[in-house]
Amino acid sequence: MSEKDFKYDVAFSFLAEDEELAIQINDLIQDRVRTFIYSRKQKEIAGTDGEETFNRVFGSEARIVFVLYREGWGKTQWTRIEETAIRNRAYEEGYDFLLFAPLDKPPVVPKWLPRNRIWIGLERWGIEGAASVVEARIQEAGGEPKEETAEQCVDRFTR
């Protein structure tokens, strides 16, 4: 991936039923990195063309994309748009920007994801482990997480 400025360090893609899980992971890292969860960015994206906005976020504006995957992801109106943007980006750049966390039991990932892609096992490593992996992948992709202030640390523990 060429060095470029990204609007977000990580964008989360998930089904509506997994929004709380995405928010929990987001809450652990949002003070150190720039995150995108559509429900938390309503003020920014309200009134825009949703298809265009999501294509941009998942296709080029996010340094990495983290998918909380379960059966049905990619089949809803919005996750279909996200999946298309992700697959188009992977075609152009490869899969290094992409992280998957399968949520079904047994764990499965989409058939189009290369078999050599390692995914995050939330059941084994938990939310804190997933947040650590996301932050590490951001750094590997050229991002620089900020140091957390004492106030931000208190806010994170409060969340």
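Counting of residues starts from 1 at the beginning of each chain's written sequence and follows it residue by residue. Given that this is a predicted model, residues contribute local features only at a pLDDT of at least 70 and side-chain atom pairs are listed and counted only at 80 or more, while totals for whole chains, interfaces and linings are drawn from all residues. Only heavy atoms go into the side-chain values, all of them from the structure, while hydrogens and water stay out.

A. View of the overall build of the protein chain. Counting from the N terminus, the helices are the DSSP runs of H or I reaching at least four residues and the strands are the DSSP runs of E reaching at least two. Check the secondary structure of the protein chain and you find six helices and four strands. In the protein chain, the succession of helices and strands from N to C terminus is β-α-β-α-α-β-α-β-α-α. A radius of gyration in this sense is built from C-alpha atoms; the matching globule rule multiplies 2.2 Å by the number of residues raised to 0.38. For 159 residues, the compact-globule estimate of 2.2 N^0.38 gives 15 Å, and the protein chain sits close to it at 15 Å. Principal-axis analysis of the C-alpha atoms places the extent of the protein chain at approximately 45 × 35 × 30 Å. Relative accessibility under 20% of the residue-type maximum defines a buried residue, over 50% an exposed one, and the middle range a partly exposed one, all with a 1.4 Å probe and only protein chains included. Scored against the burial criterion, the 159 residues of the protein chain give a buried share of 50%. In this analysis, two residues are considered to be in contact whenever any of their non-hydrogen atoms come within 4.5 Å of each other. Across the protein chain, the fraction of contacts at a sequence separation of at least 24, relative to all contacts at a separation of at least 6, is 70%. Using the Shrake-Rupley algorithm and a 1.4 Å probe, accessible areas are obtained, with residue cover drawn only from the displayed protein chains. Counting every atom, the protein chain has about 9,100 Å² of accessible surface; 48% of that belongs to carbon and sulfur. Here Asp and Glu are counted as negative and Lys and Arg as positive; His is not counted, and neither are the chain ends. The atom standing in for a charge is NZ when the residue is Lys, CZ when it is Arg, CG when it is Asp and CD when it is Glu. The averaged location of the 30 negative side-chain charges in the protein chain is 3 Å from the averaged location of its 23 positive side-chain charges.

B. Expanded view of the pairing of strand E1 (residues 8-13). Of all six residues in E1, six are buried, a share of seventy percent or more. The pairing criterion is simple: DSSP has to find at least two bridges between the two strands. Looking at chain direction, E1 and strand E3 (residues 62-69) are connected through five bridges and run parallel. Within E3, the position partnered with tyrosine 8 by the bridge is alanine 62. Read from E1 through helix H1 (residues 19-29) to strand E2 (residues 35-36), the crossover connection turns out right-handed. Crossover handedness is defined here as right-handed if the route from the first strand over the helix to the second strand goes clockwise, with the strands pointing away from the viewer.

C. How the structure looks around the environment of valine 33. Positionally, valine 33 belongs in the loop between H1 and E2. The exposure class assigned to valine 33 is buried, which follows from its relative accessible area of 5%. As a C-alpha pair, valine 33 and glutamate 147 span 114 residues in sequence and 9.5 Å in three-dimensional space. With residues near it in sequence (within four places) discarded, valine 33 still touches Asp9, Ile138 and Pro145.

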